[in-house]
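This is what each chain is made of:
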Amino acid sequence: MEEERQKGWSVPGSWDRNKAPISQALSPYLISSSRVLEVASGLGIHASHLALEHPHLQFQPTELDPQLIHYINDTAADHRQNHSGSLTNLSTAIPFDVTRSSDWDTLSSLNGPFDLVMTNNLLHISPWTVTQKLFEGVGSRTDLFSGAVKVAIYGPFRRNNVFSGPNDERFDASLRERDVAWGIRDLEAVERVAIDNGFELKEALQMPANNWELIFVRSNSTRKCI
Ligand SMILES: C[S@@+](CC[C@H](N)C(=O)[O-])C[C@H]1O[C@@H](n2cnc3c(N)ncnc32)[C@H](O)[C@@H]1O
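Residues numbered from 1 in each chain as written. Predicted model: local features only at pLDDT ≥ 70, side-chain atom pairs only at ≥ 80, totals over all residues.

**Some thoughts on the confidence of the model for the chain**
Averaged over all residues, the pLDDT of the chain is 90; the fraction at 70 or higher stands at 90%. Looking at the elements of the chain, mean pLDDT is at its lowest for helix α1 (residues 2-6), recorded as 46, and at its highest for strand β6 (residues 185-186), recorded as 98. Predicted confidence for residues 1-8 stays below pLDDT 50, and this span has 9 contacts to residues more than four positions away or in other chains. (pLDDT = per-residue confidence, 0-100. Helix = DSSP H or I, 4+ residues; strand = E, 2+ residues; numbered from the N terminus. Contact = placed C-beta atoms within 7 Å.)

**Re the nonpolar core**
Of all hydrophobic cores here, the largest spans 53 residues; its most connected members are Val39, Val117, Ala152 and Phe216. Looking at which element gives the most residues to this core, the answer is strand β5 (residues 145-158), with 7 residues. When sequence neighbours within four positions are dropped, the list of residues in contact with Ala152 reads Leu26, Tyr29, Leu116, Met118, Glu213 and Ile215. (Core = buried A, V, L, I, M, F, W, Y, C linked by C-beta atoms within 7 Å. Buried ≥ 20, exposed ≤ 12 C-beta atoms within 10 Å, placed from the backbone.)

**Considerations on the environment of Asn197**
Along the polypeptide, Asn197 turns up in the loop between α8 (187-196) and β7 (200-207). A C-alpha to C-alpha distance of 9.0 Å links Asn197 and Gln132, two positions 65 residues apart in sequence. Those residues within four positions of Asn197 in sequence are excluded, and the remaining contacts are Phe135, Glu136 and Gly139.

**A look at the pairing of β7**
As judged from the 7 bridges shared by β7 and strand β8 (residues 211-217), these two strands associate in the antiparallel manner. Among the inter-strand pairings, Leu201 is bridged to a residue of β8, identified as Phe216. Connecting β7 to the next strand, β8, in antiparallel fashion are 3 residues, including Ala209 with a positive phi near 55 degrees. (Pairing = 2+ DSSP bridges.)

**Let's talk about helix α6 (residues 128-140)**
The terminal C-alpha atoms of α6, which comprises 13 residues, lie 18 Å apart, in line with the 18 Å expected from a rise of 1.5 Å per residue. Here α6 has its buried residues at Val130, Thr131, Lys133, Leu134, Phe135, Gly137 and Val138. (Expected span 1.5 Å × (residues − 1).)

**Let's talk about the packing of α6 against α8**
Between α6 and α8, the shortest axis-to-axis distance is 9 Å and the interhelical angle comes to 30 degrees. Regarding the angle of α6 to α8, the classification is roughly parallel. Both α6 and α8 take part in a crossing whose hand is right-handed. When α6 is examined against α8, the residues Thr131, Gln132 and Phe135 are found in contact with a partner set consisting of Val190, Val193 and Ala194. (Axes fitted to C-alpha atoms, helices over the stretch in contact; angles between N-to-C directions. Parallel < 35°, antiparallel > 145°, perpendicular 65-115°, else oblique. Left-handed = near helix turned anticlockwise from the far one by under 90°.)

**With respect to unusual backbone geometry**
Here the phi dihedral of Asn161 falls at roughly 70 degrees; this positive angle occurs in a residue that is not glycine. Looking at the element boundaries, Asn161 is found in the loop between β5 and α7 (166-178). Non-glycine residue Asn210 carries a positive phi angle of around 60 degrees.

**Let's talk about the environment of Ala204**
As for its placement among the helices and strands, Ala204 is situated in strand β7. Sequence-wise, Ala204 and Leu187 are 17 residues apart; in three dimensions their C-alpha atoms are separated by 9.2 Å.

**A word on the pairing of strand β1 (residues 35-39)**
The element β1 is largely enclosed, with a buried count of 5 among its 5 residues. In β1, alternate side chains face the same way, and those of Arg35, Leu37 and Val39 on one face and Val36 and Glu38 on the other are all buried. Relative to strand β2 (residues 58-63), β1 runs parallel, the two sharing 4 bridges. In the strand pairing of β2, Val36 is matched with Phe59. For the segment spanning β1, helix α3 (residues 45-53) and β2, crossover handedness is right-handed. In the sheet, β1 pairs with strand β4 (residues 114-120) via 4 bridges, with the strands oriented parallel. (Right-handed = clockwise from strand over helix to strand, strands pointing away.)

Below is the structure:
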């Protein structure tokens, strides 16, 4: 199931390798948060890993693909059966398409407000409109997200339209071959969308394998490094 589901997304197994670095990069933000919304949870590896590491947090996984939603919920149920009392802070995964405004309405019936929105490996494997709708949704739905909500985005990015190296260039070409609307995004273009929706880039952390963890905040916080 895992191999099949992940086929074509990225490097097989990378979700398992990157969960620890992502957890480390997000740690300062997770410590000060209470409710996390994950967009495009995939197999739910990151949400369940972070939920186990941060029991004070409530995680809400979401996914576009109904089969993956079942997978996340079944895996969490299995885990709870084998480890009684654990993962109670991982909510039932729900269907969520960033581009559907009615799906944002569904979120409002959950126990918000969320103070952190996390998404991993989504922006390059979806059309550009997904990036725009993500920031529009979080930026405009003040009922769903706290005032100082953060948006944490993990994945590969170009800098000023330059690839980090030949591997990323090849990866980008392979993505565009499969879907012309996909492709590695320019970090500065993502930042412009964020700014247009009332966010600023607080941190851009370089991660293993030429990936980035970008932390956007809806406030006047100062950028730490880039
Ligand atoms: C490369 S996978 C990443 C999964 C997981 N976050 C990870 O890092 O392993 C991309 C995910 O984005 C989801 N996705 C694509 N378009 C989407 C959309 N419009 N709204 C929400 N999720 C979307 C896909 O269903 C898929 O699960």
